[in-house]
Every structure is written in C-alpha cells, then in structure tokens.
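Each chain, letter by letter, is given below.
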Amino acid sequence: MKNNYELKRLDGTKIIFIGKGLLIGLAVGFVVSLFRLCIGFISTKIDAIYLFLNQHLLFLIPWVLFSLFIAYFIGKLIQSDPDIKGSGIPQVEGQLRGQIIINWFSVLWKKFVGGILAIGMGLFLGREGPSIQLGAVVAQGVTSKMSPTKAEKKIFISSGASAGLSAAFNAPIAGLLFVLEEVHHSFSPLVLLTAFSATIASNFVSLNFFGLKPALYIGKIESLPLKYYWTLVILGIFVGLLGLMYQKVLLKTSEWYSKITFLPSYFYGVIPLLLVIPIGLFLPQLLGGGHDVIIDLTKTNFSINALIMLFLFRFLFSMVSYGSGLPGGIFLPILSLGAVIGVFFGVVLVQTIGLDEIYIKNFLILAMAGYFAAISKAPLTAMVLITEMVGSFSHLMSIGVVVLISYIVLDFFNGKPIYEALLEKLVASDEFDISGKKTIIEFPVIMESAFDEQMVRDIKWPKDMLLASIRRGESEILPHGDTLIHAGDVLIILTDEGISQQVKDYLLVESEF
C-alpha cells in the first residue's frame, strides 16, 4: 500500500530523475535569469539617479521618502512571510532537514520582488543566496503535482537549489558541489545525477541570457611561479583568521539589531536603505554586492591605506545590510572582501619582496577562494566557484593550497559553516516540532566510518528510529541483526520528522572512530 513514507525502489528510475532534473533546471534558469536581469536594470537606473541627485540636491527629499516607502514595502513582505529574510540558504537547509515548512508560491514571488528591490537599491547584498532559494521553491512548485515522496521531494529541492546557484553565476559545477558539500554533506548518486542535470539545464538558459563570458572575467592571469608558493601558506592563515572574524561578527548582527526597540524587526531594512543614500552620493562606485569593486581592483592601483579603508567600509556596511534581514545574500560581498584582501596581500609582497605586479591578480583570486572557503567551510565549492567565475582552471593547485590552509585555520578555532550557524540561530534546537509525522533519512557509510564491517545488532542505534533498508549499489537490502554493513552502503532510516536532525547528528557522532 502506498503512503508518504514508502521507500520507492530506484532501480530503473535514474533516467526519469535526470529528466525531472532537466525540467527543474530549465524552469529555475528562466526565473533566476529574469531575477538577474531585473536587478541589473534597477541597478543601472539607481546609478543614474545618484548622478542626477549630485547635481540636483533638492530632489534628495523625495528620494529619501521613496527609500522609506521601499523599506516599508519590503518590510510588509517580510512580515507576511518571514521565510524570505536574508539569503534564503539557511531556510533551504532547514527545509531539507525537516525543520522548516515553506510555502513555495509565497516565497517565490515575495523573495523575487523583495530581492530585486533590496539588491537593486545598491545595498551590499548578493543575488546568489536568493537565487538558491528561488531555485528551491521553483523546484518544489514544478514537482508538487508529481506526488513525490518525502525523499524525492528533498532530491528535487536540492536540485533546484543547485540550479539556482548555477544560473546566478554561470557556475554549474559549483552549484552541484555546493548542494552536496554544504547542504547534504554527502554524495548520494541520485542527488548527484538529478542536481547535475538541473545545473546544466539552468546554466544553458542563463548563457542564452548573458552570453558565454564568465561572471567575473578579469582578463589573462599569469601562473604564479613556484618560488612564491611559500606565500600561499601565509595568505591561507591570513584569510582564515579574517574569515573567522567575519563569522563571529555576522552572527552577532541580529543581536545588535534586536536592541533597536523603536522598530519592528521586519522594518529593520529602513536603516541600511537610508544609510546607503550618502554612499550613493559620494561613493557610487561602491554600490551593490561587489562585482564592480572586484573588476575595479584589477584595473586601478590602490595604496595599502586605501585598501584597508575599503575593506573596513565594505565589511561594516555588509553587516548592516545583511543583519537587517532584507532579502539578499552574502556570497558576492564575501568574494569582494576576499578580493580586497588579496590585492592588499599582493601589494604588500610587491613592496617587501619585489613581487612582479602582474601577479597581484593571482592573489585576488586566491584570497577570494580562501576567504569564502573559510566562512562557508565548503572548500571544494570555493575552488570550483572561483575558477568557473573567472574562467580559468590553470590555478587550481595554488587555490587548493590557500583553501586548505584557510579551512584548517577555521576548523582549529571550531568555526562552523556559516549557513549551518545561521540556521541554528533561525531554528533553536529545543523548538523542534515532534509532530509524529514520519520522514526518511539517507545516511551514507563512508570508508572511515565505525559502522564499516559492523553487524546491525552491534551498533548502538538512537531511539525513535527504524533501519528500514540498506541501499547497496543498485540493490536494496532488508536488514536483520546479522546483516553486515559495508562502506559505500546508504542506510535508509525511518524516524519522526521533528527529530530527524538529532538522529542524523547522533549517527554522525557514533560513526566516527
């Protein structure tokens, strides 16, 4: 008898899932491309408005009133559906963990409109987080009529999220890796195939809108000579420590905003939307998530003092922008900060060890990857994302060194993946709804797992769960006490939806040597 908790055998269904992934990718590619086009259109108009205001200061008053109206309008959207706040990535992770229930249509149009307005107005916010959430809800909507099981629904939402990042940056492989590394923390073959087909399809649509040029094309980049590789260790430590600082400050911003008692939380956006006005008047080149800043860093000679001031300024206003809860991401602001760090590091090397200036671009790329890897704790995603965005795969070795060192630094200080930490703040661990609804957990057994070569009866299983089956390659095994678990197996576990994450966390701890 069919029910919502039935395990569907996957034999012979991979082609169907690939087809559904392609359908999801095409839909997500169109929505996210339209999202990017609208942001670009509004951003261009905002630049022209600030140029006009510089010459006609009397019009500042109506512009301030207009900004207040935009803040009010976005605030009402947030009040009606708080799931559109911020980047949206923590909400997607919470949805996949069974901690958050999303109204896909409400989030789709409200995040779309709110994100366009918040990002387009020049705040230091990125389009990638909203694009990932838009991708997830588009996938949820597209497949809602297909009567998917809970496990299938999670696969489709994951694929939509990966397609969203792919279309946002023309980076299909990074989109795939982000979902596997940051969201699932495992490599399920079915998720891999479905998400991969979705990222390819969404990227194809995006390329038809924006062309083949990489999202952050900065021209030709020379290979860094091996004699300078010792500097990569120092850079990795440097960006790792700065990434740790970014995490700690970002996680505190919501607490600082909560001290503002004269405004409801959904109207906090009025603060950055007013503060961005003087930035638009006096430093219009700094408006936005940071794409133009990164490009300018490759064309303009900056002094060390100017780079320090630029970093501090973008760091602080990024926190003000994101902490307000307005719909917008932190990917691009993080990359722009990493670019400033890289140029600063390169200029210091030019002045101290005589590094040729042509290699400053290398350090810009390396620091972007290392800084993002430290903050997200997603090193593979960081490596591939940056190489796809700049259109050059010839620097993977040097990027790998910086990314690895920065990751180790953050791990040494017990830093968590930023989106996981944001999700923990969003959903307190003691607020799970133990509703009795059942869900399926897929738990992969890796080579280093303590479960490897263990009988089912010898493992200390958590309460309130059932080991329903074991997927081994293309077959599925009904377990009993003497069943031997092997590395590469996927444990299919039935549990209450409200405690699914606690069960996962328990199994992760028990499976460690």
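Coordinates for the structure precede this section.
Residues numbered from 1 in each chain as written. Predicted model: local features only at pLDDT ≥ 70, side-chain atom pairs only at ≥ 80, totals over all residues. Heavy atoms only, no water.

Visitor: Help me understand the pairing of strand β6 (residues 490–496), please; the structure alone is not making it clear to me.
Guide: Burial analysis of β6 places 6 of its 7 residues in the buried class, which makes it a mostly covered element. For strand β3 (residues 465–472) and β6, the ladder comprises 6 bridges, and the chain directions are antiparallel. Paired with R471 across the strands is V490, a residue of β6. (Buried < 20%, exposed > 50% of the residue type's maximum accessible area, 1.4 Å probe, protein only. Helix = DSSP H or I, 4+ residues; strand = E, 2+ residues; numbered from the N terminus. Pairing = 2+ DSSP bridges.)

Visitor: Looking at this structure, I do not really get the layout of surface pockets. What am I missing?
Guide: Taken as a whole, the second largest pocket encloses approximately 700 Å³ of empty space. The set of elements that each furnish at least two residues to the lining of the second largest pocket consists of α1 (14–55), α4 (104–120) and α11 (291–297). With 7 residues, the top contributor of residues to the lining of the second largest pocket is α1. When grouped by side-chain class, the residues that make up the lining of the second largest pocket number 10 nonpolar, 12 polar and 5 charged. (1 Å grid on protein atoms, 1.4 Å probe; cavity = no way out; pocket = protein on both sides within 12 Å on 5 of 7 lines; lining within 4 Å. Points joined across faces, edges and corners; volume = space filled by probe spheres on them. Nonpolar A, V, L, I, M, F, W, Y, C, P; charged D, E, K, R; others polar.)

Visitor: Help me understand the environment of A468, please; the structure alone is not making it clear to me.
Guide: With respect to the helices and strands, the residue A468 is situated in strand β3. Here A468 falls in the partly exposed class, since its relative accessible area comes to 26%. Placed 88 residues apart in sequence, A468 and L380 show a C-alpha to C-alpha distance of 32 Å.

Visitor: I tried to follow the packing of helix α3 (residues 89–96) against helix α5 (residues 128–142) on my own but got confused; where do I start?
Guide: Two quantities define a packed helix pair, namely the angle between the axes and the distance from one axis to the other. Contact pair α3 / α5: the axes reach a minimum separation of 8 Å and the direction vectors enclose 35 degrees. Residues I89, Q91, V92 and Q95 of α3 touch α5, and the partners they reach there are G129, I132, Q133, A136 and Q140. Grouping the amino acids of the contact of α3 with α5 by side-chain chemistry returns 4 nonpolar, 5 polar and no charged. (Axes fitted to C-alpha atoms, helices over the stretch in contact; angles between N-to-C directions. Contact = heavy atoms within 4.5 Å.)

Visitor: Would you mind showing me how to read the packing of aromatic side chains here?
Guide: Geometrically, a pair of aromatic rings is defined through the distance of the ring centres and the angle of the planes. In total, this model carries 28 aromatic pairs according to the counting rule given. Taken together, a centroid distance of 6.1 Å and an interplanar angle of 85 degrees make the contact between F178 and Y419 edge-to-face. With F178 in helix α7 (residues 172–184) and Y419 in helix α17 (residues 418–426), the pair connects residues that are 241 residues apart, well separated along the chain. Assigned by exposure class, F178 and Y419 land together as buried. Through pairs of rings, three or more aromatic residues link up here, namely F169, F178, F331, F372 and Y419. R36 extends its terminal NZ or CZ atom over the ring of F210, reaching a point 3.8 Å from the ring centre. A cation over an aromatic ring shows up here: K377 above the ring of Y407, its NZ or CZ 5.2 Å from the ring centre. (Phe/Tyr/Trp six-rings, centres within 6.5 Å; stacked < 30°, edge-to-face > 60°. Lys NZ or Arg CZ within 6 Å of the ring centre and 35° of its normal.)

Visitor: How should I be thinking about unusual backbone geometry in this particular structure?
Guide: A negative phi angle characterises most non-glycine residues, just as the trans form characterises most peptide bonds. Non-glycine residue K377 carries a positive phi angle of around 55 degrees. In this fold, K377 is placed in the loop between α14 (360–376) and α15 (379–390). Of note, the phi angle at N414 is positive, near 60 degrees, even though the residue is not glycine.

Visitor: How do you make sense of the packing of α14 against α15 when you look at a structure like this?
Guide: Packing of α14 against α15 leaves a shortest axis separation of 8 Å and a crossing angle of 145 degrees. Relative to α15, α14 is oriented so that their crossing is right-handed. Contacts between α14 and α15 involve I365, M368, A369, F372 and A373 from the first element and P379, T381, A382, L385, I386 and V390 from the second. Split by residue class, the contact of α14 with α15 holds 10 nonpolar, 1 polar and no charged. (Left-handed = near helix turned anticlockwise from the far one by under 90°.)

Visitor: What exactly am I supposed to notice about helix α16 (residues 396–412) here?
Guide: Helical periodicity: at 3.6 residues per turn, an α-helix aligns residues three or four positions apart in one direction. Look at α16: 24 Å from first C-alpha to last across 17 residues, which is about the 24 Å you get at 1.5 Å a residue. Those residues of α16 that sit buried are S398, I399, G400, V402, V403, I405, S406, V409 and L410. Considering only its buried residues, α16 is in contact with α9 (230–258), α14 and α15. The positive-phi residue at the C-terminal boundary of α16 is N414, with phi of around 60 degrees. (Expected span 1.5 Å × (residues − 1).)

Visitor: Whenever I open this one, α5 confuses me. Can you help?
Guide: Over its 15 residues, α5 extends 21 Å from the first C-alpha to the last, a length consistent with the 21 Å expected when each residue adds 1.5 Å. Among the 15 residues in α5, 14 count as buried, and that is most of the element.

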